[in-house]
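Notes for the structure review
Chain by chain, the residues run as shown.
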Amino acid sequence: MKSSLLWKRVWRHKLFYLFMLPGIAWFFIFSYVPLYGLQVAFRDFTFVGGFTGSPWAGLKYFEQFFDYYQSGAIIRNTIVISLLKLLVGFPMPIILALLLNEIRNLKFKKTIQTLSYLPYFVSWIVVVTLMQRLLSMYGGPVNDLLTSMGMQPVQFMYNTTWFYQLILGSDIWKNIGWNSIIYMAAIAGIDQQLYEAAKIDGAGRFRQIWHVTLPGIRNIAVILFILATGSLMSAGFEQLLLLNGPATANIGSVLDVHVITSGIQQGRLSYAAAVGLFQSGIALVLIVTVNWIARKVSDVSLF
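Each value, and the rule that gives it
- Residues numbered from 1 in each chain as written.
- Predicted model: local features only at pLDDT ≥ 70, side-chain atom pairs only at ≥ 80, totals over all residues.
- Heavy atoms only, no water.
- UniProt positions renumbered as here; feature names shortened; annotations may be inferred.
- Helix = DSSP H or I, 4+ residues; strand = E, 2+ residues; numbered from the N terminus.
- Core = buried A, V, L, I, M, F, W, Y, C linked by side-chain atoms within 4.5 Å.
- Buried < 20%, exposed > 50% of the residue type's maximum accessible area, 1.4 Å probe, protein only.
- Contact = heavy atoms within 4.5 Å.
- Arc of directions from axis to C-beta.
- Axes fitted to C-alpha atoms, helices over the stretch in contact; angles between N-to-C directions.
- Parallel < 35°, antiparallel > 145°, perpendicular 65-115°, else oblique.
- Left-handed = near helix turned anticlockwise from the far one by under 90°.
- Polar contact = N/O pair within 3.5 Å; in protein donor to acceptor, adjacent residues only side chain to side chain.
- Salt bridge = Lys/Arg side-chain N within 4 Å of Asp/Glu carboxyl O.

Per an unreviewed UniProt entry, the chain goes by the name Protein lplB and belongs to Paenibacillus cookii. Checking UniProt for the chain, the heading Sequence similarities (unreviewed entry) contains the comment "Belongs to the binding-protein-dependent transport system permease family." UniProt lists a comment for the chain under the heading Subcellular location (unreviewed entry), and it reads "Cell membrane".

**Some remarks on the UniProt feature "transmembrane region" (unreviewed entry) in the chain**
Taking the numbering used here, the UniProt-annotated feature "transmembrane region" (unreviewed entry) corresponds to residues 15–35, 79–103, 115–135, 216–237 and 271–294. Within the segment residues 15–35, helix and strand shares are 86% and 0% respectively, and the terminal C-alpha atoms sit 30 Å apart. Helix makes up 92% of residues 79–103 and strand makes up 0%, while its end C-alpha atoms are separated by 37 Å.

**Focus: the UniProt feature "domain: ABC transmembrane type-1" (unreviewed entry) in the chain**
Using the residue numbers shown here, the UniProt feature "domain: ABC transmembrane type-1" (unreviewed entry) corresponds to residues 75–290. The annotated region residues 75–290 carries 75% helix and 0% strand content, and the separation between its end C-alpha atoms amounts to 20 Å.

**Topic: the nonpolar core**
Residues Ile-94, Tyr-183, Ile-187 and Ile-217 are the most contacted members of the largest nonpolar core, which totals 23 residues. Of the residues forming this core, the biggest block, 5 residues, is contributed by helix H6 (residues 91–102). Setting aside anything within four residues of it in sequence, one finds Ile-187 in contact with Ala-97, Leu-98, Asn-101, Tyr-195, Thr-213 and Ile-217. Counting residues in hydrophobic clusters, the runner-up holds 18 residues, among them Ile-81, Phe-156, Met-157 and Ala-235.

**Some remarks on helix H11 (residues 181–188)**
Along H11, the residues classified as buried are Tyr-183, Met-184, Ala-186 and Ile-187. The buried residues of H11 occupy an angular sector of 160° when projected down its axis, which confines them to one face. Of the exposed residues in H11, the ones pointing more than 90 degrees away from its buried face are Ala-185 and Ala-188. Its buried side turned inward, H11 meets H6, helix H7 (106–117), helix H10 (163–179), helix H12 (192–200) and helix H13 (205–229).

**Concerning the packing of H6 against H13**
Look at H6 against H13: their axes get within 12 Å of each other, and the N-to-C directions meet at 130°. Of the possible angle classes, the one that applies to H6 and H13 is oblique. Judged by the twist between their axes, the crossing of H6 over H13 is right-handed. Between H6, through Ile-94, Leu-98 and Glu-102, and H13, the contact on the second element is made entirely by Arg-205, Ile-209, Thr-213, Leu-214, Ile-217 and Ala-221.

**Quick look at H12**
Measuring from the backbone nitrogen of Gln-193 back to the side-chain oxygen at the start of H12 gives 3.0 Å, which picks out Asp-191 as the cap. One or two steps after H12, the chain reaches Gly-202, where phi turns positive at roughly 90°.

**Overview of the pattern of salt bridges**
Per the stated rule, a full pass over the model turns up 3 salt bridges. Measuring nitrogen to oxygen at the nearest pair gives 3.3 Å for the salt bridge that ties Lys-60 to Asp-44. Of this pair, Lys-60 sits in helix H4 (residues 60–67) while Asp-44 sits in the loop between helix H2 (14–32) and helix H3 (50–53); the two residues are 16 residues apart in sequence, bridging distant segments of the chain. Looking at Asp-44, the relative accessible area reads 22%, which means it is partly exposed. Asp-171 serves as the salt-bridge partner of Lys-85, at 3.9 Å between the closest nitrogen and oxygen. Of this pair, Lys-85 sits in helix H5 (residues 71–89) while Asp-171 sits in helix H10, placing them 86 residues apart in sequence. Assigned by exposure class, Lys-85 and Asp-171 land together as buried.

See the structure below:
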């Protein structure tokens with residue numbers, strides 16, 4: 001009986017499910033089918049033997065990673081950089097959305113929105129190249145300005161003193177506009193009568209934001225925070241690969257880069273798969289834990 005009602009409901013909304021099919025197919029092909037290859041982490045993989053013909057190796061490659069003298073530093077760097085991005089970068093789109101919502105001049109508002117979105121579509125190669133040109137000690141405009149003010153030029157790039165600042169600053173600059181879109185949409189969906197009622201009660205703009213806008217986007221923020229914790233073990237491959245150098249390797253080597261370097265450059269596919277599986281396993285534990293905490297604290301959760 002329940003199954004027949006379900007299929008009737010599906011048939012009634014068949015057009016909506018039809019629009020979902022491309023997304024479902026994409027996830028099935030690129031997210032679920034590749035799970036078959038996870039067995040590589042437990043095999044001595046060779047191209048001749050393939051997935052099923054290569055001999056089993058058990059936990060050999062997991063042990064190799066944890067026995068690697070830099071494994072602790074790599075895990076620590078990944079967690080530190082990801083936490084900084086989460087704690088500092090996560091609130092920034094919310095702040096930008098709140099500020100944009102307060103702008104009454106529509107032309108100015110759309111201009112700011114467009115300018116904040118554009119960096120998202122610029123590749124990290126271009127972003128890092130711009131940073132190198134702007135921050136160079138030899139002809140870079142930033143150091144030229146410091147020199148004109150009687151200050152000594154500063155080596156910003158590949159410097160442990162400025163490494164975290166550049167990582168956070170470039171990540172926020174690139175993603176803040178794009179990530180604010182969903183908050184802008186959530187704010188647009190808030191009932192305007194709530195603002196009118198707050199005005200009648202004597203609330204100013206700040207109190208309206210605190211008592212109307214923020215509660216209105218709270219559920220969206222919680223959901224996105226849960227999703228963000230799932231990438232806590234992923235500090236960002238392209239950015240770290242380009243911004244990290246020999247001088248910053250002790251604080252800039254992360255799991256993403258280590259996996260690609262081991263698997264692609266060194267050809268250690270089983271080892272890279274084991275490290276990647278460890279990374280994904282920790283991310284799964286984190287997202288399930290944070291989801292459980294969110295459900296207990298705020299009654300908002302993914303599942």
